[in-house]
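# Observations on the model geometry
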Amino acid sequence: MSHSSKSMSPVQQLELNVTDLKQYLYCPRIPYYFYVMPVPRPITYKMQHGVQEHVELDRLERRRGYRSYGLTEGQRLFHLQIKSETLGLYGKLDLVITYEKKGAVHYLPVEFKHTEKGVAANAKYQLAAYAMLLEEHFQVPVDEGIVYQIPTKTYNIIKITDPMRKYVKDSLSMIRRMMLEETFPDPWSRFRCADCEFRRYCNDIH
Ligand code: SF4
(Lines give C-alpha, C1' and ligand atoms only; values in the text may rest on other atoms or scores of the structure.)
Protein backbone atom coordinates (compact mmCIF):
# COMPACT_ATOMS: atom_id res chain seq x y z
CA MET A 1 0.00 0.00 0.00
CA SER A 2 1.21 3.51 -0.81
CA HIS A 3 1.11 6.46 1.55
CA SER A 4 2.63 8.92 -0.87
CA SER A 5 0.44 12.04 -1.05
CA LYS A 6 0.24 14.32 2.00
CA SER A 7 -2.83 16.12 0.60
CA MET A 8 -4.95 12.95 0.62
CA SER A 9 -7.06 11.75 3.53
CA PRO A 10 -6.05 8.41 5.13
CA VAL A 11 -8.98 6.75 3.34
CA GLN A 12 -7.79 7.95 -0.08
CA GLN A 13 -4.21 6.87 0.60
CA LEU A 14 -4.99 3.14 0.63
CA GLU A 15 -4.05 1.95 -2.82
CA LEU A 16 -6.29 -0.73 -4.29
CA ASN A 17 -6.21 -3.15 -7.19
CA VAL A 18 -9.12 -3.30 -9.65
CA THR A 19 -9.56 -6.96 -8.67
CA ASP A 20 -10.23 -5.77 -5.08
CA LEU A 21 -13.19 -3.85 -6.46
CA LYS A 22 -14.42 -6.87 -8.46
CA GLN A 23 -14.18 -9.11 -5.40
CA TYR A 24 -15.73 -6.54 -3.06
CA LEU A 25 -18.75 -6.33 -5.34
CA TYR A 26 -18.98 -10.13 -5.29
CA CYS A 27 -18.64 -10.22 -1.49
CA PRO A 28 -17.08 -7.56 0.78
CA ARG A 29 -15.57 -10.27 2.96
CA ILE A 30 -13.07 -11.22 0.25
CA PRO A 31 -11.01 -7.98 0.43
CA TYR A 32 -11.52 -8.12 4.21
CA TYR A 33 -9.86 -11.55 4.24
CA PHE A 34 -7.11 -10.20 2.01
CA TYR A 35 -6.26 -6.95 3.80
CA VAL A 36 -7.71 -6.91 7.31
CA MET A 37 -7.57 -10.51 8.47
CA PRO A 38 -5.31 -12.26 5.95
CA VAL A 39 -6.06 -15.95 5.47
CA PRO A 40 -4.28 -18.48 3.23
CA ARG A 41 -5.86 -18.34 -0.18
CA PRO A 42 -6.40 -21.72 -1.83
CA ILE A 43 -5.43 -22.16 -5.47
CA THR A 44 -8.62 -23.59 -6.86
CA TYR A 45 -9.01 -25.73 -9.95
CA LYS A 46 -10.92 -22.81 -11.47
CA MET A 47 -7.95 -20.46 -10.91
CA GLN A 48 -5.36 -22.91 -12.30
CA HIS A 49 -7.54 -23.75 -15.26
CA GLY A 50 -8.19 -20.04 -15.80
CA VAL A 51 -4.46 -19.23 -16.07
CA GLN A 52 -3.90 -21.97 -18.67
CA GLU A 53 -6.94 -20.84 -20.61
CA HIS A 54 -5.75 -17.22 -20.61
CA VAL A 55 -2.40 -18.27 -22.13
CA GLU A 56 -4.22 -20.16 -24.90
CA LEU A 57 -6.58 -17.23 -25.39
CA ASP A 58 -3.67 -14.79 -25.82
CA ARG A 59 -2.30 -17.05 -28.55
CA LEU A 60 -5.64 -17.21 -30.38
CA GLU A 61 -6.32 -13.52 -29.84
CA ARG A 62 -3.09 -12.57 -31.63
CA ARG A 63 -4.39 -14.35 -34.77
CA ARG A 64 -7.93 -12.99 -34.63
CA GLY A 65 -9.03 -10.20 -36.96
CA TYR A 66 -10.45 -6.93 -35.70
CA ARG A 67 -13.87 -7.54 -37.27
CA SER A 68 -15.05 -9.30 -34.09
CA TYR A 69 -14.68 -5.91 -32.39
CA GLY A 70 -16.56 -4.08 -35.13
CA LEU A 71 -13.28 -2.60 -36.43
CA THR A 72 -11.33 -2.89 -39.66
CA GLU A 73 -7.94 -2.34 -38.04
CA GLY A 74 -6.30 -1.58 -34.72
CA GLN A 75 -3.50 -2.50 -32.40
CA ARG A 76 -3.50 -4.85 -29.42
CA LEU A 77 -1.90 -4.11 -26.07
CA PHE A 78 -1.80 -7.23 -23.88
CA HIS A 79 -1.68 -7.09 -20.09
CA LEU A 80 -1.21 -3.34 -19.88
CA GLN A 81 -0.53 -2.23 -16.30
CA ILE A 82 -1.82 1.19 -15.30
CA LYS A 83 -1.86 3.07 -12.03
CA SER A 84 -3.83 6.17 -11.09
CA GLU A 85 -2.62 8.35 -8.22
CA THR A 86 -5.91 10.25 -8.32
CA LEU A 87 -8.06 7.16 -7.85
CA GLY A 88 -5.51 5.32 -5.69
CA LEU A 89 -6.08 2.41 -8.04
CA TYR A 90 -3.99 0.15 -10.22
CA GLY A 91 -4.68 -2.81 -12.46
CA LYS A 92 -3.60 -5.01 -15.32
CA LEU A 93 -5.97 -5.18 -18.28
CA ASP A 94 -6.36 -8.45 -20.20
CA LEU A 95 -6.34 -6.60 -23.51
CA VAL A 96 -6.69 -3.07 -24.85
CA ILE A 97 -7.45 -2.43 -28.51
CA THR A 98 -6.40 0.94 -29.85
CA TYR A 99 -7.83 2.29 -33.08
CA GLU A 100 -8.20 5.55 -34.94
CA LYS A 101 -11.53 7.14 -35.73
CA LYS A 102 -12.11 10.65 -37.09
CA GLY A 103 -8.46 11.50 -36.51
CA ALA A 104 -8.49 10.55 -32.81
CA VAL A 105 -7.03 7.51 -31.04
CA HIS A 106 -9.55 5.42 -29.11
CA TYR A 107 -8.99 2.75 -26.45
CA LEU A 108 -11.24 -0.28 -26.04
CA PRO A 109 -10.68 -2.37 -22.87
CA VAL A 110 -11.44 -6.09 -23.24
CA GLU A 111 -11.91 -8.48 -20.30
CA PHE A 112 -12.02 -12.27 -20.72
CA LYS A 113 -14.39 -14.20 -18.46
CA HIS A 114 -14.83 -17.91 -17.86
CA THR A 115 -18.60 -17.89 -17.56
CA GLU A 116 -21.61 -18.97 -19.54
CA LYS A 117 -24.06 -17.14 -17.29
CA GLY A 118 -23.92 -13.67 -18.84
CA VAL A 119 -21.98 -10.66 -17.64
CA ALA A 120 -22.12 -10.24 -13.86
CA ALA A 121 -22.46 -6.76 -12.35
CA ASN A 122 -19.02 -6.95 -10.73
CA ALA A 123 -17.45 -7.70 -14.14
CA LYS A 124 -19.13 -4.59 -15.59
CA TYR A 125 -17.75 -2.40 -12.83
CA GLN A 126 -14.34 -4.00 -13.15
CA LEU A 127 -14.41 -2.97 -16.82
CA ALA A 128 -15.58 0.53 -15.86
CA ALA A 129 -12.63 0.83 -13.45
CA TYR A 130 -10.23 -0.19 -16.23
CA ALA A 131 -11.86 2.36 -18.53
CA MET A 132 -11.29 5.04 -15.86
CA LEU A 133 -7.61 4.06 -15.60
CA LEU A 134 -7.28 4.33 -19.39
CA GLU A 135 -9.08 7.68 -19.41
CA GLU A 136 -6.73 9.17 -16.88
CA HIS A 137 -3.59 7.63 -18.33
CA PHE A 138 -4.23 8.52 -21.98
CA GLN A 139 -6.41 11.61 -21.33
CA VAL A 140 -9.23 10.42 -23.61
CA PRO A 141 -12.83 9.41 -22.92
CA VAL A 142 -13.42 5.64 -22.86
CA ASP A 143 -17.15 5.14 -23.23
CA GLU A 144 -17.33 1.43 -23.91
CA GLY A 145 -15.54 -1.84 -23.39
CA ILE A 146 -16.01 -5.52 -24.11
CA VAL A 147 -16.48 -8.54 -21.88
CA TYR A 148 -15.63 -11.67 -23.84
CA GLN A 149 -17.18 -14.88 -22.51
CA ILE A 150 -14.69 -17.63 -23.25
CA PRO A 151 -16.96 -20.73 -23.13
CA THR A 152 -19.58 -19.28 -25.48
CA LYS A 153 -17.18 -17.07 -27.51
CA THR A 154 -19.56 -14.14 -26.95
CA TYR A 155 -18.60 -10.47 -27.20
CA ASN A 156 -20.63 -8.22 -24.89
CA ILE A 157 -20.35 -4.49 -25.48
CA ILE A 158 -20.63 -2.62 -22.17
CA LYS A 159 -21.34 1.11 -22.17
CA ILE A 160 -19.35 2.99 -19.54
CA THR A 161 -21.59 5.65 -18.04
CA ASP A 162 -21.07 8.44 -15.50
CA PRO A 163 -23.23 6.65 -12.87
CA MET A 164 -20.92 3.62 -13.31
CA ARG A 165 -17.86 5.81 -12.78
CA LYS A 166 -19.43 7.24 -9.63
CA TYR A 167 -20.32 3.76 -8.38
CA VAL A 168 -16.72 2.67 -8.86
CA LYS A 169 -15.44 5.66 -6.84
CA ASP A 170 -18.03 5.17 -4.09
CA SER A 171 -17.21 1.47 -3.87
CA LEU A 172 -13.47 2.20 -3.57
CA SER A 173 -14.25 4.57 -0.68
CA MET A 174 -16.35 1.89 1.00
CA ILE A 175 -13.55 -0.68 0.70
CA ARG A 176 -11.06 1.75 2.23
CA ARG A 177 -13.42 2.60 5.06
CA MET A 178 -13.92 -1.10 5.79
CA MET A 179 -10.13 -1.55 5.85
CA LEU A 180 -9.53 1.39 8.16
CA GLU A 181 -12.36 0.61 10.55
CA GLU A 182 -11.68 -3.15 10.34
CA THR A 183 -15.38 -3.89 10.31
CA PHE A 184 -16.26 -7.48 9.45
CA PRO A 185 -18.85 -7.09 6.68
CA ASP A 186 -21.96 -9.08 5.86
CA PRO A 187 -22.13 -10.65 2.40
CA TRP A 188 -24.31 -9.01 -0.25
CA SER A 189 -25.95 -12.38 -0.89
CA ARG A 190 -25.62 -15.80 0.71
CA PHE A 191 -26.48 -17.46 -2.60
CA ARG A 192 -22.87 -16.89 -3.68
CA CYS A 193 -21.37 -18.79 -0.74
CA ALA A 194 -21.75 -22.28 -2.23
CA ASP A 195 -19.42 -21.31 -5.09
CA CYS A 196 -16.93 -19.34 -2.99
CA GLU A 197 -13.35 -20.43 -2.28
CA PHE A 198 -13.42 -18.58 1.10
CA ARG A 199 -16.43 -20.42 2.50
CA ARG A 200 -14.32 -22.36 5.01
CA TYR A 201 -13.65 -19.04 6.81
CA CYS A 202 -17.29 -17.98 7.01
CA ASN A 203 -18.43 -20.25 9.79
CA ASP A 204 -21.20 -17.88 10.81
CA ILE A 205 -22.89 -18.43 7.45
CA HIS A 206 -22.98 -22.25 7.39
S1 SF4 B 1 -18.49 -17.77 1.72
FE2 SF4 B 1 -20.11 -16.28 1.37
S3 SF4 B 1 -19.85 -14.75 2.99
FE4 SF4 B 1 -17.94 -15.92 2.87
S5 SF4 B 1 -16.63 -14.74 1.52
FE6 SF4 B 1 -17.67 -16.27 0.28
S7 SF4 B 1 -19.51 -15.25 -0.52
FE8 SF4 B 1 -18.72 -14.03 1.19
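Residues numbered from 1 in each chain as written. Predicted model: local features only at pLDDT ≥ 70, side-chain atom pairs only at ≥ 80, totals over all residues. Heavy atoms only, no water.

### Brief notes about the site of the ligand
Near the ligand the following residues occur: C27, R29, P187, C193, C196, F198, R199 and C202. Taken together, the residues that form the shell around the ligand break down as six nonpolar, no polar and two charged. (Near = heavy atom within 4 Å. Nonpolar A, V, L, I, M, F, W, Y, C, P; charged D, E, K, R; others polar.)

### Things to note about the environment of K117
Within the fold, K117 resides in the loop between β6 (104–113) and α5 (121–138). Counting along the chain gives 35 residues from K117 to T152, while the straight-line C-alpha distance between them is 9.6 Å. Not counting the four nearest positions on each side in its chain, K117 is found in contact with Q149 and D195. (Helix = DSSP H or I, 4+ residues; strand = E, 2+ residues; numbered from the N terminus. Contact = heavy atoms within 4.5 Å.)

### A closer look at unusual backbone geometry
Unusually for a residue other than glycine, K102 sits at a positive phi of about 50°. Within the secondary structure layout, K102 lies in the loop between β5 (95–101) and β6. Backbone geometry places K153, a non-glycine residue, at a positive phi of 55°. By relative accessible area, K153 is classed as exposed at 63%. (Buried < 20%, exposed > 50% of the residue type's maximum accessible area, 1.4 Å probe, protein only.)

### With respect to the side chain of S171
Mapping S171 onto the fold places it in helix α6 (residues 162–181). Here the side chain of S171 touches Y167 through a polar contact of 2.7 Å, landing on its backbone oxygen. Leave out the neighbours within four places in its chain, and S171 touches L21, Y24 and L25. (Polar contact = N/O pair within 3.5 Å; in protein donor to acceptor, adjacent residues only side chain to side chain.)

### Focus on α6
An α-helix turns once per 3.6 residues; consequently, residues spaced three or four apart project the same way. Under the 1.5 Å per step criterion, the end-to-end length of α6 is 29 Å for 20 residues, consistent within 8% with the ideal 28 Å. Listed as buried for α6 are M164, R165, V168, S171, L172, I175, R176, M178 and M179. All buried residues of α6 fall inside an arc of 160° around its axis, so they share one side. Away from its buried face, by an angle of more than 90 degrees, α6 presents the exposed residues D162, P163 and K166. Directly after α6, the chain includes E182, whose backbone phi takes a positive value near 55°. (Expected span 1.5 Å × (residues − 1). Arc of directions from axis to C-beta.)

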